[in-house]
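# Structure assessment
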Amino acid sequence: MQHRLKDLLRPEHLILNLEARDAREALERLVAALVQTGHVEPEFARDVWEREQVFPTGLPTRPLASALPHADPEHVRQTAVAIGTLKTPVRFGQMGTDGSVSLDVRVIILLAIKEHEKQVELIQQVVELLQSPGLLEQLAAAETAAQALRALHQALG
């Protein structure tokens, strides 16, 4: 099944101005949105957090750091994306490090991918998206899901 990032964006999976004490709480809140719509099982939160400890997903995107957490498809029922913007940043380990280098992340794009072979393709689409000029600021400033979706669709073309 072909997945285009644009087709996976849903307003109920956008959590704006999220208040979280730390990265784990932020991830749990994003997973909860996917659980609520039946896309993942509750155990997906544990899977994502455990993977994050071994393979950090923080990205030093400019001007706001972002994170791209994901996990194996064991507890994914249907491929989905949840996006959260944080009111105040939370610390994520930087991708490509052992986690000892950390970043203050403001935007999280959580991928729940059912087909393991589609993971690289979707991650590439998200990385391209994150390079869109002004997108991160637009997401952080969005006050409604509609505003965030508009910015995302515009960046995706």
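Before reading on, note that the structure itself is shown above.
Residues numbered from 1 in each chain as written. Predicted model: local features only at pLDDT ≥ 70, side-chain atom pairs only at ≥ 80, totals over all residues. Heavy atoms only, no water.

Ordered by their spatial adjacency, 5 strands build an open sheet running β1-β4-β5-β3-β2, and the pairing between neighbours is mixed. If you trace the sheet from one side to the other, it starts and ends with β1 (14–18) and β2 (58–59), each paired once. As judged from the 2 bridges shared by β2 and strand β3 (residues 65–67), these two strands associate in the antiparallel manner. When the bridges of β3 are listed, L59 appears paired with S66. (Pairing = 2+ DSSP bridges. Helix = DSSP H or I, 4+ residues; strand = E, 2+ residues; numbered from the N terminus.)

This paragraph deals with helix α6 (residues 145–156). Between its first and last C-alpha atoms α6 spans 16 Å; for 12 residues at 1.5 Å apiece the expected length is 16 Å, and the two agree. If you check which residues of α6 are buried, you get A148, L149, A151 and L152. All buried residues of α6 fall inside an arc of 160° around its axis, so they share one side. Along α6, exposed side chains directed more than 90 degrees from the buried face belong to R150 and Q154. Packed against the buried residues of α6 are β1, β4 (80–93), α4 (119–130) and α5 (135–141). The positive-phi residue at the C-terminal boundary of α6 is G157, with phi of around 80°. (Expected span 1.5 Å × (residues − 1). Buried < 20%, exposed > 50% of the residue type's maximum accessible area, 1.4 Å probe, protein only. Arc of directions from axis to C-beta. Contact = heavy atoms within 4.5 Å.)

This paragraph deals with the pattern of salt bridges. Taken as a whole and assessed by the stated rule, the structure comprises 10 salt bridges. One salt bridge in this structure joins E19 and K87, with 3.4 Å as the shortest N-O distance. Pair noted here: E19 is in the loop between β1 and α2 (23–36) and K87 is in strand β4, with a separation of 68 residues, a long-range link. The exposure class assigned to K87 is partly exposed, which follows from its relative accessible area of 47%. In this structure, a network of salt bridges that share partners links the residues R46, D47 and E50. (Salt bridge = Lys/Arg side-chain N within 4 Å of Asp/Glu carboxyl O.)

Here we take up the nonpolar core. If you look at the biggest cluster of nonpolar residues, it comprises 28 residues, and the most contacted ones within it are F44, L86, F92, V105, I108 and L110. Elements supplying a minimum of two residues to this core: β1, α2, α3 (44–54), β3, β4 and β5 (102–112). Per-element tally for this core: the top contributor is α2, with 7 residues. Contact partners of F44, with chain neighbours within four places excluded, come to V31, A71, D72, H75, V76, L110, L111 and A112. Counting 27 residues, the second-largest nonpolar core is a separate cluster that includes L8, I83, A142 and A151. (Core = buried A, V, L, I, M, F, W, Y, C linked by side-chain atoms within 4.5 Å.)

With that settled, the discussion passes to the environment of D98. Counting through the fold element by element, D98 comes out in the loop between β4 and β5. When its relative accessible area of 61% is taken as the criterion, D98 is described as exposed. Linking D98 and V54, residues 44 residues apart in sequence, is a C-alpha distance of 7.1 Å.

What follows is about the pairing of β4. With 10 of its 14 residues buried, β4 lies for the most part within the structure. Sheet analysis places β1 next to β4, joined by 3 bridges and oriented parallel. Bridging from a neighbouring strand, I15 pairs with G84 of β4. Where β4 lies against β5, 10 bridges are found, and the strand directions are antiparallel. Along β5, the bridge assignment pairs I83 with I109.

Moving on, we get to the packing of α2 against α3. At a minimum axis distance of 9 Å, the contact between α2 and α3 shows a crossing angle of 145°. Crossing handedness for the pair α2 and α3: right-handed. Contact with α2, carried on its side by A23, R24, L27, E28 and V31, involves F44, A45, V48 and W49 of α3 and no other residues of that element. By residue class, the composition of the contact of α2 with α3 is 7 nonpolar, no polar and 2 charged. (Axes fitted to C-alpha atoms, helices over the stretch in contact; angles between N-to-C directions. Left-handed = near helix turned anticlockwise from the far one by under 90°. Nonpolar A, V, L, I, M, F, W, Y, C, P; charged D, E, K, R; others polar.)

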